[in-house]
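Structure at a glance
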Amino acid sequence: MATAITNISSLVTNNPSLGRGPLGLIDDAAVVIDGDRIAWVGTTSKAPATDSHIDAGGRAVLPGFVDSHSHLVFAGDRTAEFNARMEGRAYSAGGIRTTVAATRAASDAELEATVARYVAEALRQGTTTMETKSGYGLTVEDEARALRIAARHTDEVTFLGAHIVAPEYADDPAGYVDLVTGPMLDACAPHARWVDVFCERGAFDGDQARTILTAGAARGLTPRVHANQLGPGPGVQLAVELGAASADHCTHLTDADVDALASGDTVATLLPGAEFSTRARYPDARRLLDAGATVALSTDCNPGSSFTSSMPFCIALAVRDMGMTPDEAVYAATAGGARALRRTDVGRVAEGARADLLLLDAPSHVHLAYRPGVPLASAVWRAGVKVA
């Protein structure tokens, strides 16, 4: 049954051929949903007849957010670590071990409930596509069960056995790389679309990361890379070289890193929630955008360094602290995220796209940055179904 949403003050299509500017803005717009797809986009005066009708009441509509980086399969709490950080302790990769211990001890039901909770929390705020990773099990069995659980809640599942070296292999990192690229990959590849590695001091160096990503690619998994978060390193260059879909964090970049991202197809996914929660330097989005790189915004929702599921919050941070305009930040949180997941059916409002829509309690998408911290999601549709 076709449904028309009319009297939209400002519609973000992310298709310049449909409207004004890079966001393809249409004023006094209408959208027709037929099943799980967008069937028509245009102005209200030209909207076709439909079976049902929704009056947007002069409010803005944009594509559902595409969150291309999260870590939702976990147990436990790291409040004490956060508190210590706010008292001056620096963030490092080592805190992940606390969550590993709690996750290993948790039941499948407990982990399932956590994933469902945060997917639903994100959906209420307008996130209709969400990637999530393993990485808090670090054994063959625990990584495989994390991916099985994640796959029940999203199609965008990432194998991150190479989050840190498992505690049991602290004195044998080469042995752990062998485990990740051997039995663990065998058990996990059937349940994932992506392979990721934390290429960082305290985690995996460039050679180890190359070995892991190459092995994953040989099993049909497309690479993603945690790159250049804590300091300069080989992660971004390696991501571009291996044709990774995204290099995530990109906080500490050389000119060569920026040039590589601008000349390749690897998306620079920026995660301002992590900098907010660790009091670290924000990535320079302006530098990347001016160079011609494709930028995505994501929450990095995880219990240690960015415990937020709010894409609107990340948009506000990107505008305030990373040099992005509201238009650029909204694009990065929708179409940019879709690019980072190599999806063409989400992150835009156009005929044939999946009917993922966010109705704001505001006349413009700019309010996402203009009114930070305010719950502006008035209604959310995912695949044509009103879910919030």
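Residues numbered from 1 in each chain as written. Predicted model: local features only at pLDDT ≥ 70, side-chain atom pairs only at ≥ 80, totals over all residues. Heavy atoms only, no water.

**Description of the overall build of the protein**
Of regular secondary structure, the protein possesses 13 helices and 16 strands. Computed over C-alpha atoms, the radius of gyration of the protein comes to 20 Å, within 12% of the 21 Å expected from 2.2 N^0.38 for 388 residues, which places it in the range of a compact globule. The principal-axis extents of the C-alpha atoms in the protein amount to approximately 70 × 45 × 45 Å. When burial is assessed residue by residue, the protein has 58% of its 388 residues classed as buried. For the protein, the share of sequence-separated contacts (at least 6 apart) that also reach a separation of at least 24 residues comes to 70%. Here the protein has roughly 14400 Å² of accessible surface; of this, 51% comes from carbon and sulfur atoms. (Helix = DSSP H or I, 4+ residues; strand = E, 2+ residues; numbered from the N terminus. Rg over C-alpha atoms; globule rule 2.2 N^0.38 Å. Buried < 20%, exposed > 50% of the residue type's maximum accessible area, 1.4 Å probe, protein only. Contact = heavy atoms within 4.5 Å. Areas by Shrake-Rupley, 256 points an atom, 1.4 Å probe, with all protein chains shown as cover.)

**Focus on helix H2 (residues 96-105)**
Side chains of residues three or four places apart in an α-helix project in the same direction, reflecting 3.6 residues per turn. Of all the positions in H2, only Ile96, Thr99, Val100 and Thr103 are classed as buried. With its buried residues spanning 105° around the axis, H2 presents them on a single face. On its buried face, H2 sits against helix H3 (108-124), helix H4 (140-151) and strand E9 (194-199). (Arc of directions from axis to C-beta.)

**Some words on the packing of aromatic side chains**
For any pair of aromatic rings, the description consists of the separation of the ring centres together with the inter-plane angle of the planes. Overall, the coordinates contain six aromatic pairs when judged by the stated rule. On the numbers, 6.4 Å between centres and 25° between planes, the contact of Tyr176 with Phe204 is stacked. Within this pair, whereas Tyr176 is found in helix H5 (residues 173-188), its partner Phe204 is found in the loop between E9 and helix H6 (206-218), the two being separated by 28 residues in sequence. Taking relative accessible area as the criterion, Tyr176 reaches 0% and is therefore assigned buried. Ring geometry for Phe276 and Phe313: centres 5.1 Å apart, planes at 90°, overall edge-to-face. Taken together, the residues span a long stretch of sequence, with Phe276 in helix H9 (residues 272-278) and Phe313 in helix H11 (residues 311-321) at a distance of 37 residues. A relative accessible area of 44% means that Phe276 is categorised as partly exposed. (Phe/Tyr/Trp six-rings, centres within 6.5 Å; stacked < 30°, edge-to-face > 60°.)

**A word on the pattern of salt bridges**
Applying the stated criterion across every chain yields a total of 20 salt bridges. In this structure, the salt-bridge partner of Glu131 is Lys133, at a minimum N-O distance of 2.7 Å. The pair Glu131 / Lys133 is uniform in exposure class, with both members buried. The residue Glu241 makes a salt bridge to Arg210 at a minimum N-O spacing of 2.5 Å. Of this pair, Glu241 sits in helix H7 (residues 235-241) while Arg210 is found in helix H6, placing the two residues 31 residues apart along the sequence. For Arg210, a relative accessible area of 33% corresponds to the partly exposed category. Among the charged side chains, a salt-bridge network with shared partners connects Glu156, Arg193, Arg343 and Asp345. (Salt bridge = Lys/Arg side-chain N within 4 Å of Asp/Glu carboxyl O.)

**A word on the packing of H5 against H6**
Viewed as axis vectors pointing N to C, H5 and H6 meet at an angle of 10°, and their least axial separation amounts to 10 Å. Here H6 runs roughly parallel to H5, going by the angle between their axes. When H5 is examined against H6, the residues Pro173, Val177, Val180, Thr181 and Leu185 are found in contact with a partner set consisting of Gln208, Thr211, Ile212, Ala215 and Gly216. Residues of the contact of H5 with H6, tallied by class, amount to six nonpolar, four polar and no charged. (Axes fitted to C-alpha atoms, helices over the stretch in contact; angles between N-to-C directions. Parallel < 35°, antiparallel > 145°, perpendicular 65-115°, else oblique. Nonpolar A, V, L, I, M, F, W, Y, C, P; charged D, E, K, R; others polar.)

**Examining helix H12 (residues 326-340)**
Between the first and last C-alpha of H12 there are 19 Å, a value that for 15 residues agrees with the 21 Å anticipated at 1.5 Å per step. Two residues or fewer after H12 comes Arg342, characterised by a positive phi angle close to 50°. (Expected span 1.5 Å × (residues − 1).)

**Considering unusual backbone geometry**
Within the chain, Asn7 stands out as a residue other than glycine whose phi angle is a positive 60°. Within the secondary structure, Asn7 is located in strand E1 (residues 2-11). For Asn7, a relative accessible area of 31% gives the class partly exposed. Phi is positive for Asp28, which is not a glycine, with a value near 45°. Looking at the secondary structure, you find Asp28 in strand E2 (residues 26-34). On the accessibility criterion, Asp28 (41% relative accessible area) is partly exposed.

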